[in-house]
Amino acid sequence: MKMMKGTLLFIAGCLMCGKMSAQHQGLFDEYRRKAGDQAEMFVGKVEPGYPPTLYYSHPYWLFDEFFPGEVVYNGLLYRNVPVRYDAYLKQLVVNTPVKRSNVYVPMHLVEKFVLGGTEYSRRNGEIMAILFSSPRMELVEQVNIVLKEEFVDKGKVMYDFKRDVKYYVLRGGQMHEVDKLKTVLKLFPGRKGVLKRFAKENSFNFKIHRQSSLISMIKYADELLAQPLK
């Protein structure tokens, strides 16, 4: 009787395992079907996230939402991938096709990605936003984020991410930090007068609209360099 009972339990266990295996296989098949050729990118560690109960802010480069992007991963271009970039961990995050988890993409296989029309790729060993690029120069943005610990009521600890945004002109194999008109003019001494007049005519404000002002100035400087000096 005991032997028959054990046999029945064993059979029931096998049936349950078979049912669970079938369910897992079904989920995996659904994942493979939706991911298609991009399945290789969705095998990283699951992102734990930053719960608002512990963090005042988020560390993502732009927004904490996912947006469709393009990723060059392991030599292949993947389109319409829901991505966001964690600038604190320097980690690209993708949303899985079945939308059940967010996972980290192995960064050593990420060559570059495009988000919101802006390319992000490595310059000087760091992921940077390429704001302008030509055969003569590039203007890039670098975001560094540090985590600050703060104590609130009743000894509770909260965390906040502090951003440090810097801009560089890459020219002739050198990186030059630019943050205002003076630093831009210094890079182009032969066109200093023309650039200064251009900035004045367009009323650029490098304190309030630093990024857009720098982009306009560097684009114009590049156009000038393409022309012979008079």
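That block above? That's the structure.
As a starting point, this report considers the structure included with it. (Residues numbered from 1 in each chain as written. Predicted model: local features only at pLDDT ≥ 70, side-chain atom pairs only at ≥ 80, totals over all residues. Heavy atoms only, no water.)

**Observations regarding the overall build of the protein chain**
Helix and strand counts for the protein chain stand at four helices and ten strands. Listing the helices and strands of the protein chain from first to last along the sequence gives α-β-β-β-β-β-β-β-β-β-β-α-α-α. Evaluated residue by residue, the protein chain yields a buried proportion of 36% over its 230 residues. Here the analysis covers contacts within the protein chain between residues at least 6 apart in sequence; of these, 53% occur between residues at least 24 apart. Accessible area of the protein chain: about 14,600 Å², with a carbon and sulfur share of 55%. (Helix = DSSP H or I, 4+ residues; strand = E, 2+ residues; numbered from the N terminus. Buried < 20%, exposed > 50% of the residue type's maximum accessible area, 1.4 Å probe, protein only. Contact = heavy atoms within 4.5 Å. Areas by Shrake-Rupley, 256 points an atom, 1.4 Å probe, with all protein chains shown as cover.)

**Examining the pairing of strand β8 (residues 138-151)**
Strand direction decides the pairing type here: strand β7 (residues 126-133) and β8, joined by four bridges, are antiparallel. Residue pairing for β8: F132 is matched across the bridge by L139. The antiparallel hairpin formed by β7 and β8 contains four residues in its connecting segment. Note: β8 against strand β9 (residues 157-171), 14 bridges, orientation antiparallel. Within β9, the residue paired with K148 across the bridge is D160. In textbook terms, the turn of a hairpin is the stretch between consecutive antiparallel strands, and for β8 and β9 this stretch comprises five residues, one of which, K154, has a positive phi near 60°. (Pairing = 2+ DSSP bridges.)

**Brief notes about the pairing of strand β5 (residues 110-115)**
Sheet topology places strand β1 (residues 67-73) next to β5; five bridges connect them, and they run antiparallel. Bridge pairing in β5 places V72 opposite K112. Pairing analysis gives four bridges linking β5 to strand β6 (residues 118-123), with the strands arranged antiparallel. Paired with V114 across the bridge in β6 is E119. Between the end of β5 and the start of β6, which pair antiparallel, lie two residues, with G116 showing a positive phi angle near 65°.

**Comments concerning the packing of aromatic side chains**
Per the stated rule, a full pass over the model turns up 15 aromatic pairs. Their ring planes at 80° and their centres at 5.1 Å tell us that W61 and Y120 sit as a pair that is edge-to-face. Taken as a pair, W61 in the loop between α1 (2-35) and β1 and Y120 in strand β6 lie far apart in primary sequence, 59 residues in all. Accessibility classification places W61 together with Y120 in one group, the buried group. (Phe/Tyr/Trp six-rings, centres within 6.5 Å; stacked < 30°, edge-to-face > 60°.)

**Concerning the sheet that holds strand β3 (residues 91-95)**
One key point about sheets: their strands pair by backbone hydrogen bonds, in either a parallel or an antiparallel sense. Within the open sheet, the ten strands sit side by side as β4-β3-β2-β1-β5-β6-β7-β8-β9-β10. Their pairing is antiparallel. Two strands close off the open sheet at either side, each with one partner strand: β4 (102-104) and β10 (174-178). Neighbour to neighbour, the strand axes of the sheet diverge by 45° on average, direction disregarded. (Axes fitted to C-alpha atoms, helices over the stretch in contact; angles between N-to-C directions.)

**Re the layout of surface pockets**
Taken as a whole, the largest pocket holds about 180 Å³ of empty space. Taken together, 13 residues line the largest pocket, and the ones lying closest to its centre are W61, L62, Y120, E141 and Q211. Listed by contribution, the elements that provide at least two residues to the lining of the largest pocket are β6, β7, β8 and β9. (1 Å grid on protein atoms, 1.4 Å probe; cavity = no way out; pocket = protein on both sides within 12 Å on 5 of 7 lines; lining within 4 Å. Points joined across faces, edges and corners; volume = space filled by probe spheres on them.)

**Looking at helix α4 (residues 210-225)**
Compared with an ideal rise of 1.5 Å per residue, which puts 16 residues at 22 Å, α4 spans 22 Å between its outermost C-alpha atoms and is within 8% of the ideal. All of the buried residues along α4 are S213, L214, I215, M217, I218, A221, D222 and L224. In the core, the buried residues of α4 are packed alongside β7, β8, β9, β10, α2 (181-187) and α3 (192-201). (Expected span 1.5 Å × (residues − 1).)

**Let's talk about the nonpolar core**
One finds V71, L92 and L139 to be the most contacted residues of the largest nonpolar core, which totals 48 residues. If you tally residues by element for this core, the top one is α4, at six residues. In this structure, M128, I130, V140 and Y168 belong to the second largest nonpolar core, which totals five residues. (Core = buried A, V, L, I, M, F, W, Y, C linked by side-chain atoms within 4.5 Å.)

**Here's the deal with the packing of α3 against α4**
Contact geometry for α3 and α4: axes closest at 11 Å, N-to-C directions at 145°. With respect to the hand of their crossing, α3 and α4 are arranged in right-handed fashion. For the pair formed by α3 and α4, the contact residues are V194, L195, F198 and A199 on the first element and S216, M217, Y220, A221 and L224 on the second. Taken together, the residues of the contact of α3 with α4 sort by class into eight nonpolar, one polar and no charged. (Left-handed = near helix turned anticlockwise from the far one by under 90°. Nonpolar A, V, L, I, M, F, W, Y, C, P; charged D, E, K, R; others polar.)

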